[in-house]
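These are the residues of each chain, in order.
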Amino acid sequence: MNDLNSRLTGLADEMTDTDYTALRARVNSTARRLGHRRAAGTSVAALALVGVATIGGLQLAPQAGLTPTPAGSSSVASPPAPSASATPTPSAQATPSTTATTNVPPRSEPSHVPGRLVYLRVGAEIEVVTVTDGVARTTNFGPRKFGDQVAAVAPDGSKVALVHPAKSISEYPGDLVIVQPGGKRKVARQHVSWGGGNGPVWMPDSRRLLIGVTTMDGDTATGQSYGYLDTVTGGYDDLGLDRFPTYLSWAANGAYRVHATGDTLVIARPDGRVVRRTGLAGQPECGRGQCPFAVQAISDDGRYVATAMGNSDPKRVTGARFVLDTVTGKRINVPNSVRGVTEIFFRPDNSLVVQASDRLYLVDLDGTVTATIDRPDPTNQADLAAYHAR
């Protein structure tokens, strides 16, 4: 360091023909007063280098970001002007944060469908399987009896309703039977209709059923009424309807209901006030004689409907293959990667719970699959009959 000071001081001594001689004396005087001789030597050296740049009338080009000033004025460094070579660009400066973002763990798919799924399996035995937040529970409702038709499980899975007709033809009514866990049966009403999409339909409260009752004179039907049957008290409330609302389905929250009338879907409030009618004639299946009027589910806001093609089978068509926007009349496409769709229900945000043959899918309305979940083993060979988010 002493050697460097010596060389720099010598360089400054050579500058006798410039104004820096006096400046050197002032700097040395100040350095001696403050006791920082070494710092003073360095300051003089820096001034000497500036002097070298101007000796002989040659002015060195200023560094980028330094503003040249007239002789005798103070030299002030301006903030460096943005440039690709001198200053990092905003995008380059953002690189650290971008790297940090990639370290955030990706969102993991759920291992189960949130909420409660209710399945019905009718074989030699009648069984209800409820899957609540991934935990399955199977309840046996006793053996199926010969002639049992259109079994329907209550939305909460607590009981099963079925019709046991004297004759296995859809035009002939039968006994409405309520089956309790363990297999206990009770005839709740006689002469109840069950053909096509006119079978008993559970209300969201899991207590009442909408049924059609036929007035019989011997083997001859003489009249028809439609109303609510209270499965606890046995009371029947005739609604005064002129026809049964075919394929009646309720939103999980009970705010809307939908049924089919010919090739039209009718969306209504619980009191029957019609909100909207959506024609199905424009759907491609209608041109082949099978319009998708076999409704299974409606969204909580009453806009979207999950449905399937109806047919001439006297039994009610269960399941769904399509989702329709009843406001625009357009179909919401379930992605092709979801194969073997059997049932579709709605979550509170209108996204879909899609049951396929061996998997469950959570699907957004734009077709994005947000989760793929293996079907719970206890639900094999069972139909998904209801879904509730809570």
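A brief report on the enclosed structure follows. (Residues numbered from 1 in each chain as written. Predicted model: local features only at pLDDT ≥ 70, side-chain atom pairs only at ≥ 80, totals over all residues. Heavy atoms only, no water.)

## Some points on the packing of aromatic side chains
- The tally for this structure, following the rule as stated, stands at 2 aromatic pairs.
- One residue, R189, lies across the ring of Y236, its end atom 4.6 Å from the ring centre.
- The positively charged end of R331 is found above the aromatic ring belonging to F322, 4.1 Å away from the centroid. (Phe/Tyr/Trp six-rings, centres within 6.5 Å; stacked < 30°, edge-to-face > 60°. Lys NZ or Arg CZ within 6 Å of the ring centre and 35° of its normal.)

## Some points on the pattern of salt bridges
- Using the criterion set out here, one finds 8 salt bridges in the structure.
- In this structure, R121 and E127 form a salt bridge, with 3.0 Å as the shortest nitrogen-oxygen distance. With respect to class, R121 is no different from E127; both count as buried.
- Note that R207 and D230 form a salt bridge whose closest N and O atoms lie 2.9 Å from each other. Here the residue R207 occupies a position in the loop between strand 8 (201–202) and strand 9 (208–217), and D230 occupies one in strand 10 (residues 220–230), the gap between them amounting to 23 residues.
- For D230, a relative accessible area of 15% puts it in the buried group.
- If you follow the salt bridges from partner to partner, you end up with D358, R359 and D374 in one network. (Salt bridge = Lys/Arg side-chain N within 4 Å of Asp/Glu carboxyl O. Buried < 20%, exposed > 50% of the residue type's maximum accessible area, 1.4 Å probe, protein only. Helix = DSSP H or I, 4+ residues; strand = E, 2+ residues; numbered from the N terminus.)

## Focus: the sheet that holds strand 18 (residues 322–325)
- The 4 strands are arranged 16-17-18-19 in an open sheet whose pairing can be described as antiparallel. Both edges of this open sheet fall to strand 16 (294–298) and strand 19 (331–332), since each of them pairs with a single strand only. (Pairing = 2+ DSSP bridges.)

## Details of the pairing of strand 4 (residues 149–153)
- A large share of strand 4 lies buried, amounting to 4 of its 5 residues.
- Pairing analysis gives 3 bridges linking strand 4 to strand 5 (residues 160–165), with the strands arranged antiparallel. Bridge pairing links V153 to V160 in strand 5.
- Connecting strand 4 to the next strand, strand 5, in antiparallel fashion are 6 residues, including G157 with a positive phi near 75°.

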